[in-house]
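Single-letter residue listing:
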Amino acid sequence: MSLKFCSLASGSSGNCQFIAANTSRVLLDAGLSGKYIKNAIDSISEDISTLSGILVTHEHSDHIQGVGVLMRRYNLDVYANQSTWDAMMPKIGKVDPERVKIIQNGVPFSIGDLEVKSIAVSHDAADPVAYRFSDGISRLAVATDLGTVTEEILQELLQVDFLMLESNHDIEMLKMGSYPYYLKRRILSEIGHLSNDNAGEIATLAVQGGRVQNILLGHLSKENNFPELAFETVSGVLRENHIHVGTDVCLDLSYRDRVGRVYSIGR
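The text that follows walks through the structure, step by step, so that each part is easy to find. Every residue gets a number counted from 1 within its own chain, in the order that chain's sequence is written. Totals for whole chains, interfaces and linings use every residue, but because this is a predicted model, local features are given only for residues with pLDDT of at least 70 and side-chain atom pairs only at 80 or more, for both listing and counting. Excluded from the side-chain calculation are hydrogens and water; included are all heavy atoms of the structure.

What makes a salt bridge here is a side-chain nitrogen of Lys or Arg within 4 Å of a carboxyl oxygen of Asp or Glu, nothing more. In this structure the tally under the stated criterion is 10 salt bridges. For Glu-156, the salt bridge is made with Arg-132, and the minimal N-O distance between the two is 2.5 Å. Separated by 24 residues along the polypeptide, Glu-156 in helix 5 (residues 151-157) and Arg-132 in strand 9 (residues 129-134) bring together distant segments of the chain. Like Glu-156, the residue Arg-132 is buried in the burial classification. For Asp-252, the salt bridge identified is with Arg-261, shortest N-O distance 3.9 Å. Exposure classes here rest on a 1.4 Å probe applied to the protein chains alone. A residue is buried below 20% of its type maximum, exposed above 50%, and partly exposed in between. By relative accessible area, which is 52% here, Arg-261 ends up exposed. Several salt bridges converge on common partners, so that one network encompasses Lys-4, Arg-25 and Glu-46. Helical segments are the DSSP runs of H or I of at least four residues, strand segments are the runs of E of at least two, and each set is numbered from the N terminus.

In structure tokens form, the structure reads like this:
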């Protein structure tokens, strides 16, 4: 058995991740058009009609834009905590209430043979979460839109084989960039986003203290980051802590505007 993972898009213009176990297939967020998401799923030789549902991290538009369309067109369930559902419901159009599955933060549940656990995180949304997935053997987590990483969050991330981790911005690029001051303060705050340096620190702790073998950097800013810069910054922090990319851990990038690599995660 193994988990299959692919980032269909990751960034401020839209987020959608594909996760599959043996018989179950889900999307994590659907922050792009239904057409883009269908084409992206087709491109990795999957069938959108076999999806079991959509899990939602939080109600910002770059995470929910396509949720309503996909629910209606493919009769999909949507999974979210109560506060997130209440905040997103007015934004997605009319949907079948029977398709709405309210989850409790930190309480594991199953979608077919896919085991899921939501993890409360710090971000400026109603009740944002990260998610951890397992097929009973292997585990992966997607942790983006993180203002900060608490000890509780870190302990969850230490338990996975594959980690998609936010590496949103370069601090100096953000400070010197064109964003208004209030937005810079928000991004840099504990309810904002992780910087490349933050990502390097968390990646180091995840490798040193856990079972993480693969780290995928996600939610890179278009204005305040470059893919090469994020990769080199995180690699540099890992090297400083005697962790070698390619030997001790595999490090890769997701993309804002295109489908990324398909991973098979199995122990």
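So, next bit.
Let us look at the packing of helix 8 (residues 196-209) against helix 9 (residues 227-240). Remark: helix 8 packs on helix 9, axes separated minimally by 8 Å, with the N-to-C direction vectors making an angle of 40 degrees. Between helix 8 and helix 9, the angle is such that the two are oblique. Crossing hand, helix 8 versus helix 9: right-handed. Along its contact with helix 8, which presents Asn-196, Asp-197, Ala-199, Gly-200, Glu-201, Ala-203 and Thr-204, the element helix 9 presents Leu-229, Ala-230, Thr-233, Val-234, Val-237 and Leu-238. Throughout, the ten residues Ala, Val, Leu, Ile, Met, Phe, Trp, Tyr, Cys and Pro are labelled nonpolar, Asp, Glu, Lys and Arg are labelled charged, and all others, Gly among them, are labelled polar. Residues that form the contact of helix 8 with helix 9 fall into these classes: 7 nonpolar, 4 polar and 2 charged. Between the N-to-C directions of two axes lies an angle of 0 to 180 degrees, each axis being a line fitted to C-alpha atoms and, for a helix, fitted only over the stretch in contact. Note on terminology: angles under 35 degrees are roughly parallel, angles over 145 are roughly antiparallel, angles of 65 to 115 are roughly perpendicular, and the others are oblique. Working rule for handedness: look at the near helix, and if it is turned counterclockwise from the far one by less than a right angle, call the crossing left-handed; if clockwise, right-handed. Here a residue-residue contact requires only that any non-hydrogen atoms of the pair lie within 4.5 Å.

Pairing of aromatic rings covers Phe, Tyr and Trp, the last counted by its six-membered ring, and requires centre-to-centre distances within 6.5 Å; plane angles under 30 degrees mean stacked, over 60 mean edge-to-face, and any other angle means tilted. Applying the stated rule across the entire model yields 4 aromatic pairs. Measuring from ring centre to ring centre gives 5.7 Å for Tyr-79 and Phe-109, while their planes differ by 15 degrees; the resulting arrangement is stacked. One end of the pair, Tyr-79, is in strand 5 (residues 77-81); the other, Phe-109, is in strand 7 (residues 109-111), with 30 residues separating them in the sequence. Of the two residues examined, Tyr-79 and Phe-109, each falls in the buried class. Among the aromatic residues, those joined into a ring-pair cluster are Phe-5, Phe-162 and Tyr-263. By the criterion adopted, a ring carries a charge over it if an Arg CZ or a Lys NZ lies within 6 Å of its centre and within 35 degrees of its normal. Over the aromatic face of Tyr-255 sits the side chain of Arg-258, whose NZ or CZ is 3.8 Å from the ring centroid.

In this section: the side chain of Asn-168. Take Asn-168: it is sitting in the loop between strand 11 (162-166) and helix 6 (171-176). The buried category is assigned to Asn-168, whose relative accessible area is 6%. At 2.9 Å, the side chain of Asn-168 and the backbone oxygen of His-219 are in polar contact. Other than its neighbours up to four places away in sequence, Asn-168 contacts Ile-187, His-193, Leu-194, Asn-196, Gly-218, His-219, Leu-220, Ser-221 and Asn-225. For this analysis, a polar contact is any N or O atom pair within 3.5 Å, provided that within protein one partner can donate a hydrogen and the other can accept it, and provided that sequence-adjacent residues contribute only side-chain to side-chain pairs.

Sheet strands associate in pairs through backbone hydrogen bonding, adopting either a parallel or an antiparallel arrangement. Paired strands are those between which DSSP finds at least two bridges. One open sheet holds the 7 strands; their spatial order is 6-5-4-3-2-1-14, and the pairing between them is mixed. Only two strands of the sheet have a single partner each, and these edge strands are strand 6 (100-103) and strand 14 (262-265). Adjacent strand axes in the sheet meet at a mean angle of 25 degrees when their direction is disregarded. Pairing analysis gives 4 bridges linking strand 2 (residues 16-20) to strand 3 (residues 25-28), with the strands arranged antiparallel. By the bridge assignment for strand 3, Ile-19 is matched with Val-26.

On to helix 7 (residues 181-188). Every buried residue of helix 7 is listed here: Leu-183, Lys-184 and Ile-187. Looking straight down helix 7, one finds that the buried residues subtend no more than 100 degrees of arc, so they occupy a single side. Away from the buried face of helix 7 by more than 90 degrees, exposed residues Tyr-181, Tyr-182 and Arg-185 are located. Residues of helix 7 that are buried sit in contact with helix 6. Summarising the geometry, the arc corresponds to the directions from the helix axis toward the C-beta atoms.

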